[in-house]
Amino acid sequence: MEYQSNYVKLALPKGRFMLPTANLLQEITLGFKDYNDKTRQYRLRSRRFPHLSAKIFQEKDIPTQVAIGNYDLGICGSDWVEELLVRYPASALVRISSLDYGEGSVYAAASYQAGSPSPIESPAEKSNWHIVSEYPNLAQSLALNLRMKTFKIYPVWGAAEVYPPDSADIAILWAKNEDAVVAQGLVPLSELLPVTAILLANREYFENKDLSQILNCFSPKLTSRPAPYDGWDKEKFLSFNPQAYIPNKLNAQRKTVTSHSQWQTKEIKLALPDGHQQSPTSQFLKRTGLTLKGYTKKELNRRPFTDLDWLGIKVIRPQDMPLQVANGNFDLAITGKDWLLEHLSRFPSSPVKELLDLGFGMVRIVSAVNRNMPATNIDDLRALIQSGKITPLRVASEYINIADKYLRDNYINPCKLIPTWGASEAFLPEDADLLIDNTQTGETLAQHNLKIIDVLFESTACLIGNKDSLDSHNKNEKIEFLVQLLSKGLS
Amino acid sequence: MENQKCKGMRDLLPNDMINFRHIEGAFRNCCLKYGYQEVRTPTLEYLHLFTAIGTLTPNMLGKVYSFLDWNGWSGERVVLRPDGTIPIARLYINNLSEHKIRKLFYVNNIFAFEETGKKGRERWQCGAEFIGSAKLAADVEIILLAREVVRKLGINNIKLQLSHAGLVKALIKELNLSPGEEAKIKSHILDGDWQALMEAKTTISELDKLISPLLSLKGKSSGFLHNTRALYQQASPDFQSSLDDFTNISTLLDSLGCDYEIDITAISGFEYYTGVCFQLLANGDKIGGGGRYDDLIPLMSEKNIPACGFALYIDPMMKLLPMEHKESGEYRILIRGEESTPETMKSCFTLAQALRDAKKTIEIDFAKQESSGYRWVISVSDKKPSTFAIWDSKQNQRTEVASVLEILNILGG
């Protein structure tokens, strides 16, 4: 590593553990100015130690950042640590200790459907399980440990709770408690992993670097709970008996049962986006005259209601839509061209195609570097790599398949692709050299001292559809009707 | 960035390949003489081929190389073949199952993640499968075939260990565990951890009497099994019939003069074994193993077809080959062009072709390379009166010749 041997770098979480982590650091005199939920800073300096700095990450990125040696220490939830280690047990991570705070658990949950046997009745007997999760590695481990005969895992960016029972048998998801699982319309089958905050170290640095000054500060806060060195209790996976859960939860489920069974009768299934894209999509749909209940900022129902009785709607992440349309869980979806292209770059023969450009939500997908990098275009960058000044080029992106293709097409080699889960601009310049990301105005990039060197393409919202659905005589007519309806919204 | 090879992967260099081909050749010859036919399965298979039958342990399935194929949007994963036998069973079911008996063999690589990367993650094995016979003669045939291959290769200090999966399974049944507990103990044993069984037995004291002697069961003849049987009069019919089967096979091996050692813990690997299992060790290293797996094809196809087979591990065997299989330079022949003119080059290539047609192995050199490894060096020149000069490094003798026929006379054979 380039930095001095006594310099210590810490990766700190955004989101659910930001506040308790900030409090902890304050208490043990390791406080950082600007580590709070109002901050626009990603890079933090220690108030006390000049040789200590920190950076704020999406929690999910932290285990990887520590394992690859960009950070000496990190704090994040045990769920993301196990998600990495269950698939890559040789990762250079040391779980130093649980910290004395945590929240919620990762649950396996299903939907209870009246009249049909529980999907978990006998995992080894049922074939063709569909499991949806933000934790695809934990999901695979569960499937193997339960000896599921055949299974498919749908990795998603979020909203796993809306998939069962029609689009998946089981969701593996994080929730504050069992009641929170029930409130999302599901039955918790098993608590797979209680989530506590964990102090992590890079194995190599833990063995070879003096981190004692910093670790000393943590020592009073390390819990008496055993450090999860061997991961979570795997035996629990093997012995989980969901039958015990189900009868207790039945009452809670009654109200969702009806809406689920209705979904099966819908001839056309449409996915609408949550997050940033929700509001412009909602406004667009208003212009088309489509009546929609439960798809507003104030009230988001994951299964909004419409007066077209043959149309079923669910609200999921736009990132997940092309895959979900390809595998037939949905016929149509409103997403961005960027996510369609990301999907098609990975699966060129996928049966998903764009049906209508909706025109709104325009962003540019760009490649950007730090302002001080002596490169104004991709050719300059290639020359820098070939001269040996940067090798390998570290590329951070949420769009790993678009990035991969872009790098290939531009003969950028050698390079390392770092998948990120948002806030990718914070990776440069310390943890990545090139960013491939979307931008509306370029302001955020400029704020982070980045300059755009290439525009890959422009992306707007679009309606995508499954080619097989279009070929189906029954569905084709209704899809055509919807395309006509949506065309009315084009300004 | 250096051009490094992937962790856990191995380059096979020329000398390695000589050993590799030698093992492969001996294996193929033996199998062909026993009437087995060669097949080869693809490197990629669906993950569900291995999960569906529930025969590989979660631990093993957690170590497969799996990924999404180009049409992986459905969530279907593919794997680099993690096991040799299951794909052969699939191949049989898909293509050959109209013949009840098929004897097949293969030379394939299998892939498994190994954490340290110090042991190989790509392993080569040669295996044979006798599909369609439940007779103990089939068990004995595959044991004899495996042993013959190893013997033909001249590998010394071979130990053949016999165990019986049916016996082990019957033993676990005696413990009267819940299905979950039973699956767990089986997984431990299949992953090579017999301690789990020792621990389970200590909770029930009567079973201690049953298990302890069996786990330490080590003997060198069928008489040993016969006497052991007398100790287990109370055991279940499954246990008794497995012990009978085991005794009959070892009796037949005795009569054929095949040495073995009975060791009930000599099972590692796969749950699909149902009957006699064996391991081959050389100087303590495991170089192969196999056994009867009557339930595998029924699980995959609902066809009630029994089978048995084995695999020999090429990588450890390559280290054990006797030295005489290393390549010697005694018969190597080099043609050297004295000039780099088109005429000389043409003469060199023409001569080389003529000698190759006469079944000689010929290398050509225009760069005046080191010739010490060669028995003969033939110099070719268009400027000298006699076109060819042969240098015999063994006789230390130079001869000028004018024709290919003369050269062949000198080279002999």
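Since we're looking at a predicted model, the values are computed, not measured. (Residues numbered from 1 in each chain as written. Chains lettered and ligands numbered in written order. Predicted model: local features only at pLDDT ≥ 70, side-chain atom pairs only at ≥ 80, totals over all residues.)

Participant: Explanation requested: the pairing of strand S21 (residues 461–466) of chain A in the structure shown.
Facilitator: Within a regular strand, side chains alternate between the sheet's two faces. Residues and elements named next belong to chain A. Where burial is concerned, most of S21 is hidden: five out of the six residues are buried. In terms of strand pairing, strand S14 (residues 332–336) meets S21 through five bridges, oriented antiparallel. Bridging across to S21, Thr335 finds its partner in Cys462. As paired elements, strand S15 (residues 352–357) and S21 share five bridges and run antiparallel to each other. When the bridges of S21 are listed, Val352 appears paired with Asn466. (Buried ≥ 20, exposed ≤ 12 C-beta atoms within 10 Å, placed from the backbone. Helix = DSSP H or I, 4+ residues; strand = E, 2+ residues; numbered from the N terminus. Pairing = 2+ DSSP bridges.)

Participant: Even after reading the chapter, I still don't get the nonpolar core, so can you show me in this structure?
Facilitator: Proteins that are soluble and globular tend to have nonpolar side chains buried together. In this structure, Ala109, Ile131, Ala171, Ile172, Leu200 and Val395 of chain A together with Leu312 of chain B are the most contacted members of the largest nonpolar core, which totals 208 residues. Considering each element in turn, this core owes the most residues, 10 residues, to strand S9 (residues 187–202) of chain A. Dropping the residues within four chain positions of it, Ala171 of chain A is found in contact with Ala109, Val132, Ser133, Ala160, Glu161, Tyr163, Pro164 and Leu186 of chain A. Formed by 11 residues, the second largest nonpolar core is a distinct cluster that contains Leu334, Cys348, Trp376 and Ile407 of chain B. (Core = buried A, V, L, I, M, F, W, Y, C linked by C-beta atoms within 7 Å. Contact = placed C-beta atoms within 7 Å.)

Participant: Just to check I follow, could you spell out the interface of chain B and chain A for this structure?
Facilitator: By a widely used convention, the size of an interface equals the accessible area lost when the partners come together. In this assembly, 18 residues from chain B lie in contact with 25 residues from chain A. Considered class by class, the residues forming the side of chain B that touches chain A number six nonpolar, nine polar and three charged. (Nonpolar A, V, L, I, M, F, W, Y, C, P; charged D, E, K, R; others polar.)

Participant: Explain the domain arrangement of chain B here, please?
Facilitator: Structurally, chain B comprises domain 1 (1–157 + 283–327), domain 2 (165–263) and domain 3 (333–411). A C-alpha centroid distance of 67 Å is found between domain 2 of chain B and domain 3 of chain B. (Domains from an automatic or database assignment.)

Participant: Is there a simple way to explain the packing of helix H6 (residues 165–174) of chain B against helix H11 (residues 237–255) of chain B in this structure?
Facilitator: Helix-helix packing is characterised by the crossing angle of the two axes and by the distance between the axes. Residues and elements named next belong to chain B. Across the interface, H6 lies against H11 with an axial gap of 8 Å and an inter-helix angle of 160 degrees. The orientation of H6 with respect to H11, classified from their angle, is roughly antiparallel. Between H6 and H11 lies a crossing whose hand is left-handed. In this structure, H6 uses Gly166, Leu167, Ala170, Leu171, Lys173 and Glu174 to contact H11, whose residues at the interface are Asp238, Phe239, Ser242, Leu243, Asp245 and Phe246. In the contact of H6 with H11, the residues fall into six nonpolar, two polar and four charged. (Axes fitted to C-alpha atoms, helices over the stretch in contact; angles between N-to-C directions. Parallel < 35°, antiparallel > 145°, perpendicular 65-115°, else oblique. Left-handed = near helix turned anticlockwise from the far one by under 90°.)

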